[in-house]
Amino acid sequence: MWKIQLILCGMLAKGKSFRYNANTLKKAFLLSWAASGPHQSCEVLSRMIFQYFIFQITEFIKEGGMDIVVLLVVLFIAALTDYHYEKVPNLLILCGILAGIVYRLLAGAFAPAEMLLGIFVPVLLFWPLFLVHAMGAGDIKLMSVMGVFLGWRNMLFCVAAAIILAAVAGLIKGLRSGIMKERFTYLLRYLKQVFLYCSVRGSEFPEYQTGTEPCAGKVHFAIALFVGSLIVTGGFL
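Residues numbered from 1 in each chain as written. Predicted model: local features only at pLDDT ≥ 70, side-chain atom pairs only at ≥ 80, totals over all residues. Heavy atoms only, no water.

Glancing now at the overall build of the chain. Looking only at helices and strands, the chain features 10 helices and 0 strands. Each helix and strand of the chain, placed in order from N terminus to C terminus, yields the pattern α-α-α-α-α-α-α-α-α-α. Considering the chain as a whole, with its 237 residues, one finds that 35% of them fall into the buried category. Pairs at least 24 apart in sequence give 67% of the contacts found in the chain among residues at least 6 apart. In the form shown here, the chain has an accessible surface area of approximately 14500 Å², with 70% of it arising from carbon and sulfur atoms. (Helix = DSSP H or I, 4+ residues; strand = E, 2+ residues; numbered from the N terminus. Buried < 20%, exposed > 50% of the residue type's maximum accessible area, 1.4 Å probe, protein only. Contact = heavy atoms within 4.5 Å. Areas by Shrake-Rupley, 256 points an atom, 1.4 Å probe, with all protein chains shown as cover.)

Below you can see the structure in the form of structure tokens.
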């Protein structure tokens, strides 16, 4: 088995684009299936995918992409804290922004206007969602960190991928928990409350509730931001 894996690793290391590597992974899976059966082939393929990510990170570093690696580390830590504690620490946000600025200075790519846009574009776009409690402030600040590293345009690509992932995750979670009908009914009722707020002055702006039970229908958006950024910066899209 180790000989087969060594051959497959050599095949994978030759690829420079994801499309070629995806082809190689397919060949690797079929070759290991023919040689060892389905169980061993799945194990080999899992190792190959892990080695591919290591290969991609190494290539990033060699090609001056250390900023992407640092950003992904920050996003990974944020995803962990969001999952376990349902918050993204301000200290992590501050360290991420400072790391982005320092890297830009050292790399000779310091562009104050671009970085300011990267920080404030997500605030302007997603602040209304925070006001209705549909998105956390930590998620918006995390997007600002992404904007410092990637620029506001690339940041928006990553956020778009994260929104799609979060929507799919929320749909799956809703279907599995059987609350889709309840959530859709609540959404219509909430939109009616927003309309009344806009019509009647002095009324309190309605807060959007994520569910009647703890974590019902809740999606950890920091995790979606990490995976979306990994997909976009890794060249999967």
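A separate point is the environment of H220. Relative to the elements of secondary structure, H220 occurs in the loop between α9 (180-199) and α10 (221-233). Expressed as a C-alpha distance, the spacing of H220 and A166, which sit 54 residues apart in the sequence, is 7.9 Å. If near-sequence neighbours (up to four positions away) are discounted, H220 is found in contact with D82, Y83 and E86. Of note is the side chain of H220, whose polar atom sits 3.2 Å from the backbone oxygen of D82. (Polar contact = N/O pair within 3.5 Å; in protein donor to acceptor, adjacent residues only side chain to side chain.)

The next thing to look at is the confidence of the model for the chain. The pLDDT averaged across the chain works out to 75; a share of 56% of its residues lies at or above 70. Across the chain, the secondary-structure element scoring lowest on mean pLDDT is helix α1 (residues 2-13), at 47, and the one scoring highest is helix α7 (residues 137-150), at 94. Long-range and interchain partners of residues 1-20, a stretch whose pLDDT sits below 50, account for 32 contacts in this model, where long-range means more than four residues apart. (pLDDT = per-residue confidence, 0-100.)

Tracing the backbone shows T81 in helix α4 (residues 66-85). Residue contacts for T81: discarding those within four places in its chain leaves E86, K87, V88 and P89.

The next thing to look at is the nonpolar core. Within the largest apolar cluster, 34 residues are counted, with the highest numbers of intra-cluster contacts made by L142, M143, M146, F221 and L225. Those elements that provide at least two residues to this core are α4, α5 (90-107), α6 (112-131), α7, α8 (152-177) and α10. (Core = buried A, V, L, I, M, F, W, Y, C linked by side-chain atoms within 4.5 Å.)

The next point concerns unusual backbone geometry. Even without glycine at this site, E86 takes up a positive phi of about 55°. Tracing the sequence through the fold places E86 in the loop between α4 and α5. Since its relative accessible area comes to 41%, E86 is described here as partly exposed.

Turning next to the packing of α7 against α10. Two numbers describe how α7 lies on α10: the axes approach to 10 Å, and their chain directions differ by 20°. Between α7 and α10, the angle falls in the class roughly parallel. Taken as a pair, α7 and α10 cross one another with a handedness that is right-handed. Of the residues in α10, those touching α7 at D139, L142, M143, M146 and L150 are F221, A222, L225, S229 and T233. Split into classes, the residues belonging to the contact of α7 with α10 amount to 7 nonpolar, 2 polar and 1 charged. (Axes fitted to C-alpha atoms, helices over the stretch in contact; angles between N-to-C directions. Parallel < 35°, antiparallel > 145°, perpendicular 65-115°, else oblique. Left-handed = near helix turned anticlockwise from the far one by under 90°. Nonpolar A, V, L, I, M, F, W, Y, C, P; charged D, E, K, R; others polar.)

Following the criterion strictly, the structure yields 2 aromatic pairs and no others. Ring geometry for W127 against F130: centres 4.8 Å apart, planes inclined by 40°, an arrangement best described as tilted. Of this pair, W127 and F130 both sit in helix α6, 3 residues apart, which is roughly one turn of that helix. A relative accessible area of 27% means that F130 is categorised as partly exposed. (Phe/Tyr/Trp six-rings, centres within 6.5 Å; stacked < 30°, edge-to-face > 60°.)

Glancing now at the packing of α6 against α7. Packing of α6 against α7 leaves a shortest axis separation of 7 Å and a crossing angle of 160°. Comparing the axis directions of α6 and α7 gives the class roughly antiparallel. Read as a crossing pair, α6 and α7 show a hand that is right-handed. Between α6 and α7, the contacting residues are M115, G118, I119, P122, V123, F126, W127 and F130 on the first element and A137, I140, M143, S144, G147 and V148 on the second. When its residues are assigned to classes, the contact of α6 with α7 shows 11 nonpolar, 3 polar and no charged.

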